[in-house]
Amino acid sequence: MSRVLSSSSALAKPLARASPIQSRSYAQQLVVQPKSGAAFVQRGPGGRHSATGHVATVFGATGFLGRYLVSKLAKAGTQVIVPYRDQDETRHLKVCGDLGQVVPMEWDMNNDTQIEECLRHSDTVYNLTGRDYTTKNFSFQDVHVSGARRIARIAQLSGVSRLIHVSHLNASPTSKSAFYRTKFEGEQAVRDAFPESTIVRPGWMYGHEDRLLNTMAVSPSVFRVNHGETKIAPVHVMDVAQALSLMLNAPSSASSTFAFPGPKTYDFETIMSLVEALTLKKLKGPNFPRPVLALAARIWDLVWWQTLSPDEVTRRYINDVDVEEGLKGFADLGIEPDVLEDVAIVYLRRYRSSAYYDLPIQSGGIKIRQPKYHVVE
């Protein structure tokens, strides 16, 4: 027995000598916040298991755009504070980052103390909050103007370095839509409270959980308005999230306004034809006169779940505006936005019948792009 142990121990010694333990050094970089003067350290080689030193609060993180922004920030090693009203809505966000990097915190838009707690340790604040329809608790004015002003004011008083506020491409003080009018008023309120804030104006966004392609595939009737002549420039939600995440390390984007329309403009009829071609289904439905659809929307607005609101009917008749001169865009961040035809099959294939699910598409296709290295100052 002792002979066996001695021989095994003798064998282990040369093996240990043959494979010495290698230590791996990680780069560290000291970064000083330009506004508060606070210092933070970037650690690691970069990626999910590293730390950028940034702490970002994302109001509206549980929404459509928010989940993709949280994923990109946490994947890069940024600690993300996720304010929530319903704790179950944050469960899918916990796995976006490493252990302890995604921190849910309860908040109420009307509670200054909770807002201050959510951004107390953050150097960057994103405001993605928005409402497509009004409720008995929150109107467009409450969310887009009063809430945005409150977040900006508290961020300014708390010494936050960056505030990035998401508005809409069609924000206008003279719009017929209350949604677009209050979005514009919210921009002015944010700039008054936080002059160095960054305003972002994305167009209609599409993706896995959107209300554009999914609604057309399931309930095409609500988009058969204006004889399909309304023109929009849909933008991929992943491109908008990528742009927002790049702004974290781009000081030149401060005090700027960005407009993010899609690279191509379509009318509703063209997008409907694309959805039909990719789902291999005939999307039947009449062209509703505006008064009829508006009346139906007022009736649907009485239920407690999300449907088509009266203001959304108004927006169905409003074309996307042209980008104003002097506004920045994707090109300033080194991003080439996706074209709708190139990626729509990813989100529409699930609506095909099982008999035709795997059939190749006749037009368009998934365009695989090689990421380009680009530094934004």
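Quick note: structure is the one above.
Presented here is a report on the structure given in the accompanying data block.

Criteria and cut-off values
- Residues numbered from 1 in each chain as written.
- Predicted model: local features only at pLDDT ≥ 70, side-chain atom pairs only at ≥ 80, totals over all residues.
- Heavy atoms only, no water.
- Buried < 20%, exposed > 50% of the residue type's maximum accessible area, 1.4 Å probe, protein only.
- Helix = DSSP H or I, 4+ residues; strand = E, 2+ residues; numbered from the N terminus.
- Right-handed = clockwise from strand over helix to strand, strands pointing away.
- Phe/Tyr/Trp six-rings, centres within 6.5 Å; stacked < 30°, edge-to-face > 60°.
- Lys NZ or Arg CZ within 6 Å of the ring centre and 35° of its normal.
- Core = buried A, V, L, I, M, F, W, Y, C linked by side-chain atoms within 4.5 Å.
- Contact = heavy atoms within 4.5 Å.
- Pairing = 2+ DSSP bridges.
- Axes fitted to C-alpha atoms, helices over the stretch in contact; angles between N-to-C directions.

**Remarks on the pairing of strand β3 (residues 55–59)**
Then, in step 1: In terms of residue burial, β3 counts as a mostly covered element, since 5 of its 5 residues are buried.
Then, in step 2: Side chains of β3 alternate between two faces, with Val55, Thr57 and Phe59 and Ala56 and Val58 buried alike.
Then, in step 3: For the segment spanning β3, helix α2 (residues 64–75) and strand β4 (residues 79–84), crossover handedness is right-handed.

**Some details on the packing of aromatic side chains**
The way to describe two aromatic rings as a pair is by their centre distance and the angle between their planes.
Then, in step 1: In the structure shown here, the tally under the stated rule is 11 aromatic pairs.
Then, in step 2: Between Phe223 and Phe268 the ring centres are 5.2 Å apart and the planes differ by 90°, which places this aromatic pair in the edge-to-face class. You can see Phe223 sitting in the loop between α6 (213–218) and β10 (231–232) and its partner Phe268 sitting in helix α8 (residues 268–279), a full 45 residues away along the chain.
Then, in step 3: Three or more aromatic residues joined by ring pairs make a cluster, and in this case those are Phe140, Phe179 and Tyr180.
Then, in step 4: The side chain of Arg316 reaches across the aromatic face of Phe223, ending 4.1 Å from its centre.
Then, in step 5: Geometry around Tyr357 places Arg349 over its ring, the cationic atom sitting 5.9 Å from the centre.

**Topic: the nonpolar core**
For soluble globular proteins, nonpolar side chains are generally found buried alongside one another.
Then, in step 1: Judged by nonpolar contacts, the single largest core of 36 residues is most densely connected at Leu213, Met216, Phe223, Ile271, Val275, Leu340 and Leu348.
Then, in step 2: Of all the secondary-structure elements, those providing two or more residues to this core are α5 (178–193), α6, α8, α9 (290–300) and α11 (340–348).
Then, in step 3: Here Leu348 is in contact with Leu213, Ala217, Val275, Leu278 and Thr279, once residues within four sequence places are set aside.
Then, in step 4: Formed by 34 residues, the second largest nonpolar core is a distinct cluster that contains Leu65, Leu93, Cys96 and Val235.

**Examining the sheet that holds β3**
Then, in step 1: Reading across the sheet, the 7 strands line up as β5-β4-β3-β6-β7-β8-β12 and stay open at both edges, with parallel pairing between neighbours. Edge strands, defined here as strands with exactly one partner in the open sheet, are β5 (102–106) and β12 (257–260). Neighbour-to-neighbour, the strand axes of this sheet turn through a mean angle of 20°, independent of strand direction.
Then, in step 2: Judged from the 3 bridges that link them, strand β7 (residues 162–166) and strand β8 (residues 198–202) form a sheet pairing that is parallel. In the sheet register, Ile164 faces β8, and the bridge partner there is Thr198.
Then, in step 3: Packing against the sheet, helix α3 (residues 112–119) makes contact with β3, β4, β5 and β6 (124–127), and its axis sits at approximately 140° to β3.

**Looking at α11**
Then, in step 1: Summarising burial for α11: 7 of the 9 residues are buried, a large majority.
Then, in step 2: By the burial criterion, the buried members of α11 are Leu340, Asp342, Val343, Ala344, Ile345, Tyr347 and Leu348.
Then, in step 3: Tucked into the core, α11 has its buried residues touching β9 (205–206), α6, β11 (235–236), β13 (266–267) and α8.

**A short note on the pairing of β7**
Then, in step 1: A large share of β7 lies buried, amounting to 5 of its 5 residues.
Then, in step 2: Residues Arg162, Ile164 and Val166 of β7 are buried on one face, and the alternating residues Leu163 and His165, pointing to the opposite face, are buried as well.
Then, in step 3: Direction of pairing for β6 relative to β7: parallel, over a ladder of 4 bridges. Its bridge partner lying in β7, Val125 is registered against Leu163.
Then, in step 4: In the classification by handedness, the crossover that spans β6, the intervening helix α4 (residues 140–157) and the parallel β7 is right-handed.
Then, in step 5: Handedness of the β-α-β unit built from β7, α5 and β8 comes out right-handed.

Purely spatial values, then, with no claim about function.
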